[in-house]
Amino acid sequence: MSPTPLVSELLVTATKRVEIASRLPASISAVSADELSMTGVTDATGVVRLTAGMTITNLGAGRDKIMLRGLSDGAFTGRTRSTVGTFLDDTPITYNAPDPDLRLTDVASIEVVRGPQGALYGAGSISGVYRIVTRKPELDQLQASLRGLAAWTQSGSPSQQVDAMVNLPLVDGRAALRVVGYYDLEGGYLDDVNLRLSNVDQTTRQGGRAALKTRLAGDWTLTLSTAVQQLDSKDTQYVTGTSGLRRANRVRESHNNDFSQAVIALEGPTPWGGLKSSTAYVRHAFSSKYDASAALSLFDDPIADLGIYEERTHIGMLVQDTVLTSERDGPFKWLVGLYGVSSREDSPSQLKVNATGKTFRNVYDDVRTDRLGEVALYGEMSLAFGQGWTVALGGRESETRLNTTSHVTVTGGGTSRAFNRKAVFDNWSPKLSLQYVFENGVMIYGLASQGYRAGGFNSGGLSTPTAARRTFRPDHLRNLEIGAKASLLDDRLDLKSTVFYELWRDIQTDQFFASGLPYTANVGDGRNVGLELEATWRPSANWSFQTNLLLDQPKITRVDPAFASRVQSHLPGVPDTSFGALVAYSRPLRPGLTLILTGQTAYVGRSRLTFDPALSPEMGGYFTGRLSAQVKADRWRLAAFVENPGNTQGDTFAYGNPFSFGQVRQVTPQRPRTISLVLTRDF
């Protein structure tokens, strides 16, 4: 048996229709459920090792930011929309929020599409799409599974996980219910010497999903589904200076990230083609607390010696997406879609201070609300002609309406004020591709595509923002790429490579004032040129080798005059070089029992954290790794994993607190060597 699936033969739906990944004119990676199980991947951080061109920050669970193809607008999250569109099935689950870090339990696959996807997905997919495809209810099979994990981290506290799934047919061949639940306790490994606490960065994640699928008349299906997750981190996971795994804060910097959604999906044939309609309500609430004592001198309070900054965000989003697609057979294919979203974001923040022996009092309050509405019409058509040629043309026309209100109260050292502004942003995102398939199955393609993000307003800060800081403009990214995909040596070698060139205009970036309070600006223009490579080689039924590589050179080509900071030549937060490798070996021990051994490694090159070289420490230049040994039978699997076997402490993310950033060196080390045992039982 081959321990890894044939990735090139996976079916994907990231293009809003079912397609074979190896025949799509796009840079796309699909990680199957078998591969996730074999490598022990349960979150987006693990997917990074298996996917070319994908990086992620390491601020902590529920705080991180996914980046693709070396396109980074900075390491911070704030008002600007994410550069990567993150989806749970067909529903967008982030806007300008950090990744909710949904646990990858009972998923069918992970799909990563690199390059701007504005034509099909609109704003927020300027560098690509990260999509979690869940397993759907099986109408005629009773299924259940249980998974448990226990882990021990060197110099840290233990971890544990429990997952359960049941698939229950309700009406034979007509209706079924699938329910998933999980609990994840990730032990901490950092100590706070000032608070005299050990392993402060413990994180708890619990949640689940439920889906009810019903087959209606005429091959129509109706699926009602919901997903919830609650994530609580007791502290951040950075250290200061060169103190190893220790730091000295005055308060616990906790973080909560709660996510829930409800979806109604209707799918079936019509006289004009296949129709799929998805209506979803998404609720995303997250909050963070920081030790703001290092910035108190800017708040004109001479006796205060302790400051605490708290920010909370609550997003309610109603999303409707309807797609009509042509039949799969035939040389001419098309799809047309109508999309709409209405959202409200409430994001109050406050900074409170006290002096020794005194009570806390507020010195800064910002009560802000953003109401957003977007409608879009999009479509794509393709024509196969000649001997192996296919041309495709698509585009998306959208309108975004934004209304921002804010009430800022400053006690000393600033200006209290009210803010109320509206704006309308129109956009057209085209897409054009041409591909050719040789007789031996090798495919080459050329693609031109575009992505964008709408603009917005700044209202916070100690003083009224200047005219240049009051707004930030939309940004646009144009992409040109040439790629090739091939299955060689009797399908034992799969190769995918892409050369790309991208122009990014009016790059939006989230930044911080000297006070530690956030704002968003347009830093200028940039470009990126690079190479992506993915390869899978199966020399025999026992061995499998996978590798991925990204080489790129992201540059700033023009600095916006309103961006006050000095700007380095590179885009921040992304390395010029990154790669990953996976080796897997399997052999039968006896009938029905198989041994599987895996080894993983990944390298993250050096980069700088921010646009300003004076305040931007260098990070990266480290290796990660994971080893595993597994015994698999028909209904159970026992696995042992060793994470970070070399126990290295590479600087994975040089940031943690905006109020002391630039004053002290902040470093985020890798989790120390961790050994885990996993037992899975299917029923």
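Per chain, residues are indexed from 1 in the order of the written sequence. For this predicted model, a pLDDT threshold of at least 70 governs which residues receive local features, and a threshold of 80 or more governs which side-chain atom pairs are given and counted, while totals over whole chains, interfaces and linings are taken from all residues. Only hydrogens and water are removed before side-chain values are computed, so all heavy atoms of the structure are retained for them.

A.B. asks: Tell me about the layout of surface pockets, and please be specific about residues and values.
C.D. replies: Approximately 510 Å³ is the volume found for the second largest pocket. Together, 25 residues line the second largest pocket, and Glu19, Arg23, Lys333, Ser382 and Gln435 are the ones closest to its centre. Among the secondary structure elements, those contributing two or more residues to the lining of the second largest pocket are strand E2 (19-20), strand E21 (332-346), strand E23 (361-385), strand E24 (389-410) and strand E25 (417-437). Put simply, Ala, Val, Leu, Ile, Met, Phe, Trp, Tyr, Cys and Pro go in the nonpolar bin, Asp, Glu, Lys and Arg in the charged bin, and everything else, Gly too, in the polar bin. Class assignment for the residues of the lining of the second largest pocket results in twelve nonpolar, six polar and seven charged. Residues are said to line a cavity or pocket when one of their atoms sits within 4 Å of a point; the points come from a 1 Å grid over protein atoms alone, cavities being sets where a 1.4 Å probe fits but cannot get out and pockets being open sets with protein on both sides within 12 Å along at least five of seven lines. Grid points are joined across faces, edges and corners, and a volume is the space filled by probe spheres set on the points. To qualify as a helix, a DSSP run of H or I must reach at least 4 residues; to qualify as a strand, a run of E must reach at least 2; elements of each kind are numbered from the N terminus.

A.B. asks: Now, about the confidence of the model for the protein chain: what can you tell me, with residues and values included?
C.D. replies: Residue-level confidence of the predictor, termed pLDDT, takes values from 0 up to 100. With 98% of its residues at a pLDDT of at least 70, the protein chain reaches an overall mean of 91. Across residues 1-8, confidence stays below pLDDT 50; counting only partners more than four residues off in sequence or on other chains, it has 29 contacts. Contact definition: two residues touch when any of their heavy atoms are within 4.5 Å.

A.B. asks: Go over the pairing of E21 with me, naming the residues and quoting the values.
C.D. replies: Two strands are counted as paired when DSSP detects at least two bridges linking them. Across twelve bridges, the pairing between strand E20 (residues 306-325) and E21 is antiparallel. Looking across to E21, one finds that Val319 is bridged to Val341. If you look at the hairpin formed by E20 and E21, you'll find six residues sitting between the two strands, and Gly330 has a positive phi there, around 105 degrees. Here E21 runs beside E23; their pairing, made up of 15 bridges, is antiparallel. Its bridge partner lying in E23, Leu338 is registered against Leu377.

A.B. asks: So what's going on with the sheet that holds strand E8 (residues 107-114)? Residues and values would help.
C.D. replies: Note: strands within a sheet are paired through backbone hydrogen bonds, in either parallel or antiparallel orientation. With mixed pairing, the five strands of this open sheet are ordered in space as E3-E8-E9-E6-E7. Each edge of the sheet is formed by a strand with only one pairing partner; in this case those strands are strand E3 (27-32) and strand E7 (91-92). Across seven bridges, the pairing between E8 and strand E9 (residues 128-134) is antiparallel. The residue of E9 that forms the bridge with Glu111 is Arg131.

A.B. asks: Can you explain the environment of Ala217? Please cite residues and give values.
C.D. replies: Looking at where Ala217 falls in the secondary structure, it is placed in the loop between strand E14 (203-215) and strand E15 (221-233). With 51 residues separating them in the primary sequence, Ala217 and Gly268 have C-alpha atoms 9.5 Å apart.

A.B. asks: So, the nonpolar core: which residues are in play, and what are the values?
C.D. replies: Take the buried residues of types Ala, Val, Leu, Ile, Met, Phe, Trp, Tyr and Cys, join any two whose side-chain atoms come within 4.5 Å, and each joined set is a nonpolar core. Here's how the labels work: a residue is buried when its accessible area is under 20% of the maximum for its type, exposed when over 50%, partly exposed in between, all with a 1.4 Å probe on protein chains only. Core analysis: the largest hydrophobic core is formed by 56 residues, its most contacted members being Met54, Leu104, Ile110, Tyr130 and Ile132. Once residues lying within four places of it in the same chain are set aside, the contact partners of Tyr130 are Ala44, Val47, Met54, Ile66, Val84, Gly85, Thr86, Phe87, Leu104, Ile110, Glu111 and Val112. Judged by nonpolar contacts, the second largest core, of 16 residues, contains Leu296, Phe299, Val363 and Tyr364.

A.B. asks: Outline a nonpolar patch on the surface, supporting the account with residue identities and numerical values.
C.D. replies: Together, Phe332, Met381, Leu383, Phe385, Trp389, Leu393, Leu432 and Leu434 give the surface a local cluster of nonpolar side chains, amounting to about 730 Å² of exposed area. For the nonpolar patch, the secondary structure elements donating two or more residues are E23, E24 and E25. No other element matches E23, which puts three residues into the nonpolar patch. Relative to the elements of secondary structure, Phe385 occurs in strand E23. Only residues whose relative accessible area exceeds 30% and that take part in no salt bridge are eligible for patches, with like-charged residues grouped when within 9 Å of each other and nonpolar side chains (Val, Leu, Ile, Met, Phe, Trp, Tyr) grouped when within 5 Å. For every accessible area listed, the method is Shrake-Rupley and the probe measures 1.4 Å; residues are considered covered only by the protein chains on display. Every case where a carboxyl oxygen of Asp or Glu lies within 4 Å of a side-chain nitrogen of Lys or Arg is listed as a salt bridge.

A.B. asks: Pulling in residues and values, what's your account of the environment of Thr226?
C.D. replies: In this structure, Thr226 sits in strand E15. Along the chain, Thr226 and Gly74 lie 152 residues apart, while their C-alpha atoms are 33 Å from each other.

A.B. asks: An account of empty space enclosed by the protein is requested, with residue identities and associated values reported.
C.D. replies: Counted by the stated rule, this structure contains 14 cavities of 30 Å³ or more. Space inside the second largest cavity adds up to approximately 650 Å³. When contributions to the lining of the second largest cavity are tallied by element, the ones reaching two or more residues are strand E19 (273-291), E20, E23, strand E31 (508-512) and strand E32 (518-522). Classifying every residue of the lining of the second largest cavity by side-chain character gives 18 nonpolar, 17 polar and nine charged.

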